[in-house]
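Summary of the model geometry
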Amino acid sequence: MEELCKSYGSVVAVRNLTLRVEKGEVFGFLGPNGAGKTTTLNMLMGLVRPTSGRIRVAGVDVVRNPVEVRRVAGYLPENPGFYPGMSVEQNLLYFAGFYGLGRGEVEELLELVGMGEHAHRRAGELSKGMRQRLALAQALLNDPEVLLLDEPTSGLDPGGAAEFRELIRGLSREGRTVFFSSHILPEVRAVCRRVGIIHRGRLVAQGSVEELSRGRGVRIVVETVPPPPEEVLRGFSERVERRGGGYVLHCRRDCREELSRALVRRGCTPITLYAEAPSLEELYLEVVGEA
């Protein structure tokens, strides 16, 4: 997508969004509620026409061919809808009819997402996790190259979320591209190598966690015998915190070598000394705060 914009009257939902996702990648699309994530997904699927900008999904120009994109992409919305009185299999067979698929393909998909043994249960009786699995099966009906997932693990218990993450990894190993929109940062960190952060409709950062960390300082964890004088630590760090039997130094750069020499000169032997990258949560909060 390039310079993508969407306005509703005077309200700008998405502003000048430019983003590229590589084939076979699981890409995390992060942002708080109301940031423009779902609007972006709807534009990617051709469900909402952009005010301006260009979008291509698996080579398809979405603005010119909004129907064609649904042949190459599958979409799992945040709140998928099914007919509660119909069975799992009946629901999927109904949607499979739009693609000319039959019972055999439906049974294979249900097995793929771990719902084979629940094929005859009514959809209205399913747990949140089971509904998400059924929704994923529906999104895979057209054997898509690209999967767009809108908050797919929201509301799942830890076990269900872990199982769903493994499903996503498996789909990526098959060569499918997965665009994973979420505000649950640990879920994204667990499956995505690169992320984009959107805030108030504008992309404020994108890249790997390592790339986003550059220039944002480093934390150094240190523990010595005997304990170090705090004035030595404060000579290298603007902020020093206690952690267990050691300290965490918030430094502008990696200064472990100089720190080690200074500690040894003061008679302290380092038993722990390593640099710690900031977590995705910390980067997210910092980036959004700056925005």
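Remember, it's a predicted structure, so these values are computed and weren't measured experimentally.

1. Things to note about the packing of helix 5 (residues 128-139) against helix 6 (residues 158-173)
It is the contact of helix 5 with helix 6, at a shortest axis distance of 11 Å, that shows an interaxial angle of 15°. The angle between helix 5 and helix 6 places the two elements in the roughly parallel class. Note that helix 5 runs across helix 6; the crossing there is right-handed. Of the residues in helix 6, those touching helix 5 at Gln-132, Arg-133 and Leu-136 are Glu-163, Phe-164, Leu-167 and Leu-171. In terms of residue class, the contact of helix 5 with helix 6 is built from four nonpolar, one polar and two charged.

2. Some remarks on the pairing of strand 14 (residues 246-251)
Residues in a regular strand project their side chains so that they alternate between the two faces of the sheet. Burial analysis of strand 14 places six of its six residues in the buried class, which makes it a mostly covered element. Burial along strand 14 is two-sided: the face carrying Gly-246, Val-248 and His-250 and the face carrying Tyr-247, Leu-249 and Cys-251 are both buried. Relative to strand 14, strand 12 (residues 218-225) is paired through five bridges, and the arrangement is antiparallel. Residue pairing for strand 14: Arg-219 is matched across the bridge by His-250. Sheet topology places strand 13 (residues 239-243) next to strand 14; five bridges connect them, and they run antiparallel. Counted as the bridge partner of Glu-241 is Val-248 from strand 14. The turn joining strand 13 and strand 14, which pair antiparallel and follow one another in sequence, is formed by two residues; a positive phi near 60° is taken by Gly-244.

What counts and how
- Residues numbered from 1 in each chain as written.
- Predicted model: local features only at pLDDT ≥ 70, side-chain atom pairs only at ≥ 80, totals over all residues.
- Heavy atoms only, no water.
- Axes fitted to C-alpha atoms, helices over the stretch in contact; angles between N-to-C directions.
- Helix = DSSP H or I, 4+ residues; strand = E, 2+ residues; numbered from the N terminus.
- Parallel < 35°, antiparallel > 145°, perpendicular 65-115°, else oblique.
- Left-handed = near helix turned anticlockwise from the far one by under 90°.
- Contact = heavy atoms within 4.5 Å.
- Nonpolar A, V, L, I, M, F, W, Y, C, P; charged D, E, K, R; others polar.
- Buried < 20%, exposed > 50% of the residue type's maximum accessible area, 1.4 Å probe, protein only.
- Pairing = 2+ DSSP bridges.

Note that all results are geometric; they support no functional claim without further evidence.
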